[in-house]
Amino acid sequence: MKIPSNRLDRGFFRYQSEFEAAALAALRSGFYIMGNELGSFEKEFAAYCGVPFCVGLASGLDALTSALALHGVGEGDEVIVQGNTFIASIISITKNGAAPVFAEPDDGFCIDVDDVIKKLSAKTRAVIVTHLYGMVTPMDRIVELCRDKGLLLIEDCAQAHGAEFAGQKVGSFGDVGCFSFYPIKNLGAFGDGGGVTVKSEELAEKFRIYRNYGKREKADTVVPGINSRLDEIQAALLRVRLKHLDELNAERRALAGRYSEEIKNPLITLPRPADNTDPVWHQYVIRCDERDRLRVYLAENGIGTDIHYPIPPHLSTAFRYLGLGKGSLPGTERLADTVLSLPFFIGLTEEEQGYVINALNAFK
Ligand SMILES: *Cc1c(COP(=O)(O)O)cnc(C)c1O
């Protein structure tokens, strides 16, 4: 049997007729940017997340970068971010001229709040929390810390649409929730897309102005903004997927439940969600000291896997200038050396998953 690590076509075929009808209607409407589909999607996604406002943007990276920019984070500021996050979280900081300060992850892949406290300095302006792999950061302590210290709190929710802490959706805890709608995400478009969730009309309006060159009315540019707009076709397609997001996340929870139940191999450590969290399982990420040997073994058995992420941001070429060598973040580096993402996608069949589980259990 051949099982790739991901298959997006199955997620499309699940709702093929709805997707095709929505795309066709958007094409025929004559409005392609900043029309009714965008406005409707923004209202629906905000309501889904339990926040008053959503503003659509062109990508998750733009969501993070503009969230920092619109709060004046820049030169001379430090932003604390977890070492094991996706590179975009770091680029959003450095693009604004600010300095990333890395905190170590905890046992559940989430930022370790005790390490955040250790990394605070007089220059700290913000904290970015990533709900990595659809796991959920327990938000109580970090919200309290940021409130006490007057820090901006940004949630990187690019992998966690619909995930909850204490019954409350991610993207509703911080000052800004940043989302990506890149095709592989839980709420994926059919191209690039992103957005933010915010709690005040004033801040929502700042994002709306900023994403469209900084234009308030047609004529006047009030800030030098950017071009970052979620187009009508993507918004229309996202509205279809959003309608089904709860059932899609339920399918992911069932797949994760079966992996957790049936993988039994002392060489493999399974992911463990923190208390009071309801993850949405963007990836199913195991750990294994012999990860590279396991990966080759699975490939020989026709099973595709992925590594999120093999080179942690602080060791990537672009960020060498920070001067953080190997050994500077042992917890982060250990994860980079041991994590493995199993085949995990909408439409993974019972038979395919059983095949993966048997192969894992037979690994010696
Ligand atoms: C995907 C992702 C992003 C960036 O989103 P894009 O839409 O690709 O720009 C940011 N952070 C995390 C954690 C992601 O997974």
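One structure accompanies this document, and this report is about it.

Brief notes about the overall build of the chain
Check the secondary structure of the chain and you find 13 helices and 12 strands. Principal-axis analysis of the C-alpha atoms gives the chain an extent of 65 × 55 × 35 Å. Counting across all 364 residues of the chain, residues that qualify as buried make up 55%. Long-range pairs, those at least 24 residues apart, make up 70% of the contacts in the chain with a sequence separation of at least 6. With the model as given, the accessible surface of the chain reaches about 15,600 Å², and the carbon-plus-sulfur share is 52%. Here the chain holds 40 positive side-chain charges and 48 negative ones, and the gap between their average locations is 2 Å.

Considering unusual backbone geometry
Working note: non-glycine residues mostly have negative phi, and peptide bonds are mostly trans. For the peptide bond that leads from His 308 to Tyr 309, omega is 10 degrees, which places it in the cis range. With a phi angle near 50 degrees, Trp 281 is a residue other than glycine that sits in the positive phi range. Counting through the fold element by element, Trp 281 comes out in the loop between strand S10 (277–278) and strand S11 (285–287).

Looking at the packing of aromatic side chains
Using the criterion set out here, one finds 19 aromatic pairs in the structure. Plain terms: the ring middles of Tyr 284 and Phe 344 are 6.2 Å apart, the flat faces sit at 25 degrees to each other, and that makes the pair stacked. You can see Tyr 284 sitting in the loop between S10 and S11 and its partner Phe 344 sitting in the loop between strand S12 (339–341) and helix H13 (350–361), a full 60 residues away along the chain. Look at Tyr 284 and you get buried, because its relative accessible area is 0%. Each ring, one from Phe 319 and one from Tyr 321, has its centre 6.2 Å from the other, and the planes form 50 degrees; the classification is tilted. A residue is classified by how much of its surface remains accessible, and Phe 319, at 5% relative accessible area, is buried. Through pairs of rings, three or more aromatic residues link up here, namely Phe 12, Phe 13, Tyr 15, Phe 19 and Phe 190. Over the ring of Tyr 48 we find Lys 169, and its NZ or CZ is 4.9 Å from the ring centre. Looking at Lys 185, its charged tip hangs above the ring of Phe 86, at a distance of 5.9 Å from the centre.

A short note on the pairing of strand S9 (residues 194–198)
Of all five residues making up S9, five are buried, and the element is well covered by its neighbours. Side chains of S9 alternate between two faces, with Gly 194, Val 196 and Val 198 and Gly 195 and Thr 197 buried alike. In the sheet, strand S1 (residues 53–57) pairs with S9 via five bridges, with the strands oriented antiparallel. Across the sheet, residue Cys 54 finds its bridge partner in S9, namely Thr 197. Bridging between strand S8 (residues 176–180) and S9 involves four bridges; their strand directions are antiparallel. Residue Ser 180 lies in a different strand from S9, and its bridge partner there is Gly 194.

Some remarks on the nonpolar core
Counting 40 residues, the largest nonpolar core has Phe 41, Phe 45, Val 127, Ile 142 and Phe 181 as the members making the most contacts within it. Elements supplying a minimum of two residues to this core: helix H3 (36–49), strand S3 (99–103), helix H6 (113–119), strand S4 (124–130), helix H7 (139–149) and helix H9 (232–243). Here this core takes six residues from H3, the largest share from any one element. Those residues in contact with Phe 41 that sit more than four places away from it in its chain are Phe 181, Leu 187, Leu 230, Ala 235, Leu 238, Arg 239 and Leu 242. One finds Ala 256, Tyr 259, Leu 298 and Leu 360 within the second-largest nonpolar core, a separate group that totals 33 residues.

Cut-offs used in this document
Residues numbered from 1 in each chain as written. Predicted model: local features only at pLDDT ≥ 70, side-chain atom pairs only at ≥ 80, totals over all residues. Heavy atoms only, no water. Helix = DSSP H or I, 4+ residues; strand = E, 2+ residues; numbered from the N terminus. Buried < 20%, exposed > 50% of the residue type's maximum accessible area, 1.4 Å probe, protein only. Contact = heavy atoms within 4.5 Å. Areas by Shrake-Rupley, 256 points an atom, 1.4 Å probe, with all protein chains shown as cover. Lys, Arg positive; Asp, Glu negative; His and termini not counted. Charge placed at Lys NZ, Arg CZ, Asp CG, Glu CD. Phe/Tyr/Trp six-rings, centres within 6.5 Å; stacked < 30°, edge-to-face > 60°. Lys NZ or Arg CZ within 6 Å of the ring centre and 35° of its normal. Pairing = 2+ DSSP bridges. Core = buried A, V, L, I, M, F, W, Y, C linked by side-chain atoms within 4.5 Å.

Any functional reading would require information beyond the geometric quantities listed.
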